[in-house]
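Now for the letters of each chain:
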Amino acid sequence: MQTAVPPIGEPYGDFICASVGHRSDYVFEEVDRRYRLYELRIDLMSFEVPELDGVARRLSAFLKSSRRGRCIVTCRAGRFSDAERFQLLRIAALSGADFIDVDSELPFELARELRELSRTVGTSFIYSYHNFESTDKLDVLKSWIERAEASLSPDLLKVATLVCSDEDAETLLSLCSPRVIVAGMGKLGVKVRCLAPLLGSPFTFAAAFESTAPDQPSYDELRQMILSTTADQLEKDLRRL
Ligand SMILES: O=C1C[C@@](O)(C(=O)O)C[C@@H](O)[C@@H]1O
C-alpha cells in the first residue's frame, strides 16, 4: 500500500496552519518556536495592554522580531470595529507579517487599501469567506471566488463553511487549488481538512491550542490524519463523496 505524499510546505512552510486564539499574547514566541506556519487570531486573543494601541505595539514588536515561522495575522469582526481591524491589519503588513487575512465582511474599500499596501510591502494577501451556518451551493462559492479574483487579485483565497453533508464536503473539495484554501467546519468538515492539502490546496487549518472554529481538530491530530491517509484511502473517500 502506497502512502500519499502531501505537498509539504514550500512556499508556505507547512500544509497545516496552526490557528491561535483564546490565549494571551505571552504565547507568541512559543507558537513561533513550535509551528512553521501559524495564524494569530487577534480578535480572539487577550493582550497585556488590551487597548488598540497596546495590541498594535505588541503585535508590531513580535512581527519585527527574528521569527522562524510564517505568520498570518487575522482580525475577524466582533471585538474591534472595522476601522480598528483595518488599523491592526495595516500595522501587521507594515511590520512584516508574512500574510494578512482579510475577510469579506470588511468594507470593500478598506480591503482594497489593504490589498494595495500588501503589494507595496511584500506581505501576502489572503481574502476569505466564511459561512458558519451552512455550505453555499458550488456556483455561489465559485462566483464569490471569481469576483474576488477580478476585484482584488488576492495571493490566496480562503473558503471556510459549515459542512452538513457529504455533498457539502464535495463542494468544498472541488474548490481546492494551489490558490484556494478550504476549511470544513463541523464534524463532517474534518474529512475536508484532511483531504484538502492532498487535493492541491496549499494548506488547511487546525488548532494550535483551543479550537478557533467548530470541530476544528488539533494540529497534531490533523497532521497524523493527513500523513496516514494512504492513496487507497484517499481514492475510497473521494469515491464515497
Ligand atoms: O478561516 C479560518 C479557518 C477557520 O475558520 C477554521 O475553520 O479552521 C479558523 C479561522 O481561525 C481561520 O481564520
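An unreviewed UniProt entry annotates the protein as 3-dehydroquinate dehydratase originating from Fervidobacterium thailandense.

### Here we look at the packing of helix α2 (residues 52–64) against helix α3 (residues 82–94)
Interhelical geometry of α2 versus α3 gives an angle of 20° and a closest axis separation of 9 Å. It follows that α2 is roughly parallel to α3 by the angle criterion. As α2 packs across α3, the resulting crossing turns out to be right-handed. Residues Leu52, Val55, Ala56, Leu59, Ser60 and Leu63 of α2 form the contact with α3, whose participating residues are Glu84, Leu88, Ile91 and Ala92. Classifying every residue of the contact of α2 with α3 by side-chain character gives 8 nonpolar, 1 polar and 1 charged.

### Details of the sheet that holds strand β7 (residues 180–185)
Taken in spatial order, the 8 strands line up as β7-β6-β5-β4-β3-β2-β1-β8 in an open sheet, and their pairing is parallel. Across the chains shown, the open sheet's two edge strands, defined by having one partner strand only, are β7 and β8 (204–207). Within this sheet the neighbouring strands show an average axis-to-axis angle of 25°, counted without direction. Where strand β1 (residues 16–20) meets β8, 4 bridges bridge the pair, whose relative direction is parallel. Directly across from serine 19, in β8, lies its bridge partner alanine 207. Strands β4 (99–103) and β5 (124–131) of the sheet are contacted by helix α4 (residues 108–121), whose axis makes an angle of about 150° with β5.

### As for the packing of aromatic side chains
One pass over the structure, following the stated rule, counts 10 aromatic pairs. Ring geometry for phenylalanine 99 versus phenylalanine 203: centroids 6.3 Å apart, planes at 75°, classification edge-to-face. Separated by 104 residues along the polypeptide, phenylalanine 99 in strand β4 and phenylalanine 203 in the loop between α7 (190–195) and β8 bring together distant segments of the chain. Across this residue pair, the class does not change: phenylalanine 99 and phenylalanine 203 are buried. With a centroid separation of 5.5 Å and an interplanar angle of 10°, the aromatic rings of tyrosine 127 and tryptophan 144 are classed as stacked. In this pair, tyrosine 127 is assigned in strand β5 and tryptophan 144 in helix α5 (residues 138–152), connecting sequence segments 17 residues apart. Both residues of the pair, tyrosine 127 and tryptophan 144, count as buried. Site record: aromatic cluster; members linked through ring pairs are Tyr12, Phe99, Phe203 and Phe205.

Reading the values: the criteria
- Residues numbered from 1 in each chain as written.
- Predicted model: local features only at pLDDT ≥ 70, side-chain atom pairs only at ≥ 80, totals over all residues.
- Heavy atoms only, no water.
- Axes fitted to C-alpha atoms, helices over the stretch in contact; angles between N-to-C directions.
- Helix = DSSP H or I, 4+ residues; strand = E, 2+ residues; numbered from the N terminus.
- Parallel < 35°, antiparallel > 145°, perpendicular 65-115°, else oblique.
- Left-handed = near helix turned anticlockwise from the far one by under 90°.
- Contact = heavy atoms within 4.5 Å.
- Nonpolar A, V, L, I, M, F, W, Y, C, P; charged D, E, K, R; others polar.
- Pairing = 2+ DSSP bridges.
- Phe/Tyr/Trp six-rings, centres within 6.5 Å; stacked < 30°, edge-to-face > 60°.
- Buried < 20%, exposed > 50% of the residue type's maximum accessible area, 1.4 Å probe, protein only.

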